[in-house]
Amino acid sequence: MAQENRADEVAVQGGLEGVRSTSPFSEEELNTRTGHRPDFLGGGITLPLPDAGGTQIWLHYTHFSILMDRARRQALLTVVDIDGAKWVNIKRRKPDVWYPDPRLKNDEQPERDFFQKADPSFNPARNDFGFGHLVRRQDPNYDEPGDDEAAERSEYETFYLTNASPQAESLNSGPWNTLEDIVLDDLKKTLRIPAVVLTGPIFDKKPPLLHGVFPIPRDYWKIVAWRSGNELAAVGWRQRQPDGVMPDALESVSVPFDGKAGEAWLIPIEEIAALTGLDLALYAAADTYRMRVLALEGVEAAAPAFPLPVRASDLLMAETLLLGDDPPTPAPLPARGLAARMEVSSDPTAGIPVMAETWSGPGDEDYWTDITEDDVAAAAAAEGSTLESAGAAPTVSWAADADSIDHAHLVPTPASGAFSLRAEDLDLLAALNDLPVDEAGDTPVLFGLRGCAIIMDHNQSAGEVTLRDRRPDHLAPRCVLGVWNRRAGSVHVFPGSTVPDRRAVVSWKASRRSGNLLPTGLYRYVVGPHATLRKDGTLNSRPGCFLLRNASGDKRVVVVRRSNDDLAYDLADMTDRTAPGDNIHPTFFLQPTDFSSFGCQTVVGTADSGGNHKGAWAEFRAAAGLQDKEGTPGKPYLYMLLTGTEAMLASALRRNGLLGDIQARRALRRLRFGSKGDAVLRLQARLGLPKRDGDFGSFTAESLNALQRGLPPKNRCDGIWTPDLDAALGWGVFSSFGV
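Now for a quick tour of the structure. None of these values were measured; they are calculated from a predicted model.

Before going further, it helps to spend a moment on the overall build of the protein chain. Helices and strands together make up the secondary structure of the protein chain, namely 22 helices and 30 strands. Counting across all 739 residues of the protein chain, residues that qualify as buried make up 59%. In the protein chain, the share of contacts with a sequence separation of at least 24, taken over all contacts with a separation of at least 6, comes to 70%. Element-wise, carbon and sulfur atoms account for 50% of the exposed surface of the protein chain, whose accessible area totals about 27,400 Å².

Written out as structure tokens, the structure reads:
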């Protein structure tokens, strides 16, 4: 490519980021660029560029266009076409080098000193403003038919000074970068759809001038527009320069978009138009802002601004939130395994609609490779270490109870200890959580106790087991899974884990593909093969497991927790409404030394593609009624996931004769995922949900998480409705505590 030779023509001025005196492309070459295509989204949608007026001029580059204000010497608006299906990764060159655009005079565009030389009127010690890309360097990178240099050329052209805006370094490398990551990652990795992204600054009437000539924006905004069927849909955000750089605080409600990573504000697009003077009428008419806030309109003064979901897939599917309409049925993926990773449907309806509770698209399981004890042993042998030391990597941790999504609602938690568990204790927990276990009929109910150990399993003689409350970790199985035969009144328990392993925790933080924590609640499973990827990309299927799917094979949509900022799950971590495929399967280790799980529920033992089940896992299957290698494919099971602490508290109520004590029962009265009944209906009404069916599903869970994030202390949620929260808001969701 000719650009490769141009990159070293002129010495860089400055340090890590510099400005070359000449452009890598001539004015004649740049004049051939066509920029944003009005028909880029297809489906008959046309998005022309707004008219330029006064000192403004449109400059076109490869796949993007910039509305330049020559008087202000910076861009007012950028419009970039992003093709998530054809996106190409272009390796970053170091150092970053910026170029003047030869189509403009030097005094009509930014210059190096604006970003590198200290201005005493701002900060005499340093320049706090960096070269902030308005069109991110990775956004326009895709090749065209007959033009296999387009991706690399477009990346080069994002380094024209016309695309640089004075962003505070802490904004440019922090919240702004995170927002860009969220949008681009899901467009290219998950949704693989085309989108048009608009970005620009917001100036005060009299903006501060850097070096006396260069206006500093107070805020920045971004709009993402996409095609929903043959209709346009859009969403807008606003972010501000950080405190200490600009003089006054922005008067707005702070809304987290990525846990602890930063802040953004969901904003009506018509408000962006009013603040900037730009003609954004087409985007404002397609704005999904009202659909998003609708879910919380019924909440009175306690309602926060509607939180921005962490994943772009959640954002881009908001158009399905239509009153009175059923969400579209997503088309199934053409393949599983490696094909599912590489050929995700480009149809925007293939994302998870807001009101849908099942999905046929990819989830965590489609990107995961299970690790077995043979794999760990082979790695240990290669490293000259033992099996245990090869498997040990204590880089992850479990949150303290006060910060844990599983235990914070129980704080202060009682001291851990041994307790007996009977079927009637599980019955009490189901009743106090409005979990409809009776829907299982004569089929046993599967259950998990997160953070629990088996002391003695003597259910055959006494009808009870002895357990001990403890906390889980991601290194070894420290939970209990069991089978509750409600008809016989028996309980069988087995060692296992209900959390992701350490590899999954690290994997999500690194790649955002697999790794989640399934919250407590009631989930619906069917018998079927647990299938994950082998290292060569082929599918490894183990029959006779339990799948988080419906009878048709579609994945159940749930709300899981992800940890982006560290290697522990806590109340400040993101929630993700997704279809992860958190199945129930063996740990793939015969001893409780390790386990393999991206978020699945696992029982100590092994299974292979031939249906050979061994260890406690084989006994767990038998207790559940699976007598052969495949069981009964498609047979439904309920799975009740709670904590060892809650089981211990329920046992104490029975043993201490407090089953009829309303206040004692109050300590365990909850609504959570899978709850069902009149109390859920009242909660849905208070949340202002458009669909009120009394079933605590993924949309109710997301809405409750959104409410909790806006209440003191800010940005913390567990998705569990408690009597204390009910009383604090005066909502009357719990009419009594005795039922």
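The next subject is helix α4 (residues 150-157). Burial runs high along α4: 7 of the 8 residues are buried. Here α4 has its buried residues at A150, A151, R153, S154, E155, Y156 and E157.

In globular proteins that are soluble, nonpolar side chains generally tend to be buried together. Core analysis: the biggest nonpolar cluster contains 44 residues, and L446, F546, I584, F620, L671 and W721 have the highest contact counts within it. The set of elements that each furnish at least two residues to this core consists of β21 (479-485), β23 (521-533), β24 (539-547), β26 (558-562), α17 (616-624), β30 (636-643), α20 (678-687) and α21 (698-710). The contact partners of W721, leaving out residues within four places of it in the chain, are R669, R670, L671, L683, L704, L707, D726, L729, W731, V733 and F734. F25, A75, A195 and W226 belong to the second-largest nonpolar core, a separate cluster that totals 35 residues.

Bringing the pairing of β21 into the picture now. The buried count for β21 comes to 6 of 7 residues, which makes it a mostly enclosed element. Summarising the sheet, strand β18 (residues 445-450) and β21 pair through 5 bridges and their orientation is antiparallel. Paired with L449 across the bridge in β21 is V480. Here β21 pairs with strand β22 (residues 490-497) via 7 bridges, running antiparallel.

The space that makes up the largest pocket amounts to roughly 600 Å³. Considering the residues around the largest pocket, the lining is formed by 24 residues, among which A408, H409, D718, T722 and D724 are closest to the centre. Ranked by residues supplied to the lining of the largest pocket, first place goes to helix α22 (residues 723-729) with 4 residues.

With that settled, consider the sheet that holds strand β19 (residues 452-457). The 3 strands are arranged β17-β20-β19 in an open sheet whose pairing can be described as antiparallel. In this open sheet, the two strands that pair with only one neighbour each are β17 (418-422) and β19. Averaged over neighbouring strand pairs, the angle between their axes works out to 35 degrees when direction is ignored. Strands β17, β19 and β20 (464-469) of the sheet are contacted by helix α18 (residues 644-655), whose axis makes an angle of about 80 degrees with β17.

Attention now moves to the packing of helix α14 (residues 423-432) against α18. Their axes nearest at 9 Å, the elements α14 and α18 cross at an angle of 110 degrees. What the angle tells us is that α14 and α18 run roughly perpendicular. Along its contact with α14, which presents E424, D425, L428 and L429, the element α18 presents E646, A647, A650, S651, L653 and R654. Broken down by class, the residue content of the contact of α14 with α18 amounts to 5 nonpolar, 1 polar and 4 charged.

Next up on the list: the environment of G644. Position of G644 among the secondary structure elements: in helix α18. Since its relative accessible area comes to 0%, G644 is described here as buried. Distance from G644 to R450, taken between C-alpha atoms, is 5.6 Å for residues 194 residues apart in sequence. When near neighbours in sequence (up to four residues on either side) are disregarded, G644 contacts F419, L449, R450, G451, C452 and D469.

Next up on the list: the pattern of salt bridges. Inspection of every chain in the model, using the stated rule, returns 34 salt bridges. Notably, a salt bridge pairs E157 with R33, separated by 2.6 Å at the nearest N-O pair. You can see E157 sitting in helix α4 and its partner R33 sitting in the loop between α2 (27-30) and β3 (56-60), a full 124 residues away along the chain. Note on accessibility: E157 and R33 belong to one class, buried. Across the pair R137 and E155 runs a salt bridge whose closest N-O atoms are separated by 3.0 Å. Of this pair, R137 sits in the loop between β7 (129-133) and α4 while E155 sits in helix α4; the two residues are 18 residues apart in sequence, bridging distant segments of the chain. The burial state of R137 is the same as that of E155; both residues are buried. Sharing partners across several salt bridges, the network here consists of E365, D366, R549 and K555.

Parameters at a glance
- Along each chain, numbering runs from 1 in the same order as the chain's sequence is written.
- Restriction of local features to residues with pLDDT of at least 70 applies here, the model being predicted, together with a cutoff of 80 or more for giving and counting side-chain atom pairs; totals for whole chains, interfaces and linings are based on all residues.
- Side-chain numbers come from the whole structure's heavy atoms, not from hydrogens or water.
- Elements are defined by DSSP. Helices are runs of H or I of four residues or more, strands are runs of E of two residues or more, and each kind is numbered from the N terminus.
- For every residue, the accessible area obtained with a 1.4 Å probe (protein chains only) is divided by the maximum for its type, and the residue is called buried under 20%, exposed over 50%, and partly exposed between those limits.
- The contact criterion used is simple: two residues touch if any of their non-hydrogen atoms lie within 4.5 Å.
- Method for areas: the Shrake-Rupley scheme with a 1.4 Å probe, in which residue coverage is limited to the protein chains shown.
- Nine residue types can take part in a nonpolar core, namely buried Ala, Val, Leu, Ile, Met, Phe, Trp, Tyr and Cys, and a core is a set of them joined through side-chain atoms within 4.5 Å.
- For two strands to be treated as a pair, DSSP must find at least two bridges joining them.
- Here a cavity denotes grid points, spaced 1 Å and computed from the protein atoms alone, that fit a 1.4 Å probe unable to get out, and a pocket denotes an open set having protein on both sides within 12 Å along at least 5 of 7 lines; residues with an atom within 4 Å of a point are the lining.
- Grid points are joined across faces, edges and corners, and a volume is the space filled by probe spheres set on the points.
- Comment: axis = line fitted to C-alpha atoms, over the contacting stretch for helices; angle = value between 0 and 180 degrees taken between N-to-C directions.
- In what follows, roughly perpendicular refers to angles from 65 to 115 degrees, roughly parallel to angles under 35, roughly antiparallel to angles over 145, and oblique to any angle outside these ranges.
- Gly is put with the polar residues, along with every residue not named as nonpolar or charged; the nonpolar set is Ala, Val, Leu, Ile, Met, Phe, Trp, Tyr, Cys and Pro, and the charged set is Asp, Glu, Lys and Arg.
- When a carboxyl oxygen of Asp or Glu lies within 4 Å of a side-chain nitrogen of Lys or Arg, that pair is called a salt bridge.

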